[in-house]
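Descriptive structure summary
As a plain string of letters, each chain reads:
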Amino acid sequence: MGSLSVAWNHYLRNEPQEQCCQFIVDDKNGYLRYTFDAKLCDDFEDMDAQTIVEMCYWNCADGKHKLIAENVISMMDGKYMIGQYSGTMFYLYDNATRQIWSVDDEWLGAYVKPVIDEANCQMTVKEMTVLDETIAVYSLPQQGKDINVVVYQGNKKTEARLVWDGMRFKQQ
């Protein structure tokens, strides 16, 4: 996440980015995407790792709040992985007070539960180990209001769409 901070400061000062850092800043649609590709960095060229950070917001139907989403996607050797900062977080912003709170994704209807194939799981006393890692990968919209979610389990892929109604997401 330190590279994001450095890259953002370069962006704010209109300075050139390192080759491994790219930004999409879409003010009109309230969307930001930062991509860090280690292969393109001089210090990490032997590492096949990529991190994507997305942020966007939606106006709430009450006209008093905005819902802000932050999404971090981590990849290693071309495969999605759960990293220290990976996942999606939501925040509710109050326009009048300018305060912000963390909001639970399940409360918003934005949690897509990966369905684990019991035949590919092995239970131990301490934990459940998934032989073919199951991971839900969220993609925030640059345009529109829907979040796309792809759940990967081994070679299987299941897709879902979360539709924003102004107060909650509805899974389709």
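This structure is a prediction, so every number in the text was calculated from the model and none was measured.

1. Quick word on the environment of Glu 133
- Along the chain, Glu 133 falls in the loop between β9 (128-130) and β10 (134-139).
- The sequence separation of Glu 133 and Ile 82 amounts to 51 residues, and the corresponding C-alpha distance is 9.7 Å.
- Residues within four places of Glu 133 in sequence aside, it is in contact with Tyr 80, Met 81, Ile 82, Tyr 152, Gln 153 and Gly 154.

2. Points about the confidence of the model for the chain
- Put simply, the chain has an average pLDDT of 86, and 87% of its residues get 70 or more.
- Counted against residues more than four places away or in other chains, residues 121-131, with its pLDDT under 50, gives 13 contacts.

3. Section: the pairing of strand β3 (residues 49-59)
- Here seven bridges tie strand β2 (residues 31-37) to β3, and the two strands are oriented antiparallel to one another. Along β3, the bridge assignment pairs Thr 35 with Ile 52.
- The pairing of β3 with strand β4 (residues 65-76) spans 11 bridges and is classified as antiparallel. Considered in β4, the bridge of Ile 52 is made with Ile 73.
- Linking β3 back to β4 in an antiparallel pair, the connection comprises five residues, with Gly 63 at a positive phi of about 75 degrees.

4. A look at the sheet that holds strand β11 (residues 147-153)
- An order of β10-β11-β12-β13 is seen for the four strands of this open sheet, with the pairing classed as antiparallel. The outermost strands of the open sheet, each flanked by one partner alone, are β10 and β13 (169-171). This sheet shows a mean twist of 25 degrees between the axes of neighbouring strands, independent of strand direction.

5. Section: the nonpolar core
- Grouped together as the largest cluster of nonpolar side chains are 20 residues, with contacts concentrated most on Trp 58, Leu 67, Phe 90, Ile 147, Val 149, Leu 162 and Phe 169.
- At the level of elements, β3, β4, β11 and β12 (156-164) are the ones that each hand at least two residues to this core.
- Setting aside anything within four residues of it in sequence, one finds Leu 162 in contact with Gly 109, Ala 110, Val 112, Tyr 138, Lys 145, Asp 146, Ile 147, Val 149, Phe 169, Lys 170 and Gln 171.
- Ranked by size, the runner-up nonpolar core spans 13 residues in total, among them Phe 23, Tyr 34, Ala 49 and Val 53.

Conventions and cut-offs
- Residues numbered from 1 in each chain as written.
- Predicted model: local features only at pLDDT ≥ 70, side-chain atom pairs only at ≥ 80, totals over all residues.
- Heavy atoms only, no water.
- Helix = DSSP H or I, 4+ residues; strand = E, 2+ residues; numbered from the N terminus.
- Contact = heavy atoms within 4.5 Å.
- pLDDT = per-residue confidence, 0-100.
- Pairing = 2+ DSSP bridges.
- Axes fitted to C-alpha atoms, helices over the stretch in contact; angles between N-to-C directions.
- Core = buried A, V, L, I, M, F, W, Y, C linked by side-chain atoms within 4.5 Å.
- Buried < 20%, exposed > 50% of the residue type's maximum accessible area, 1.4 Å probe, protein only.

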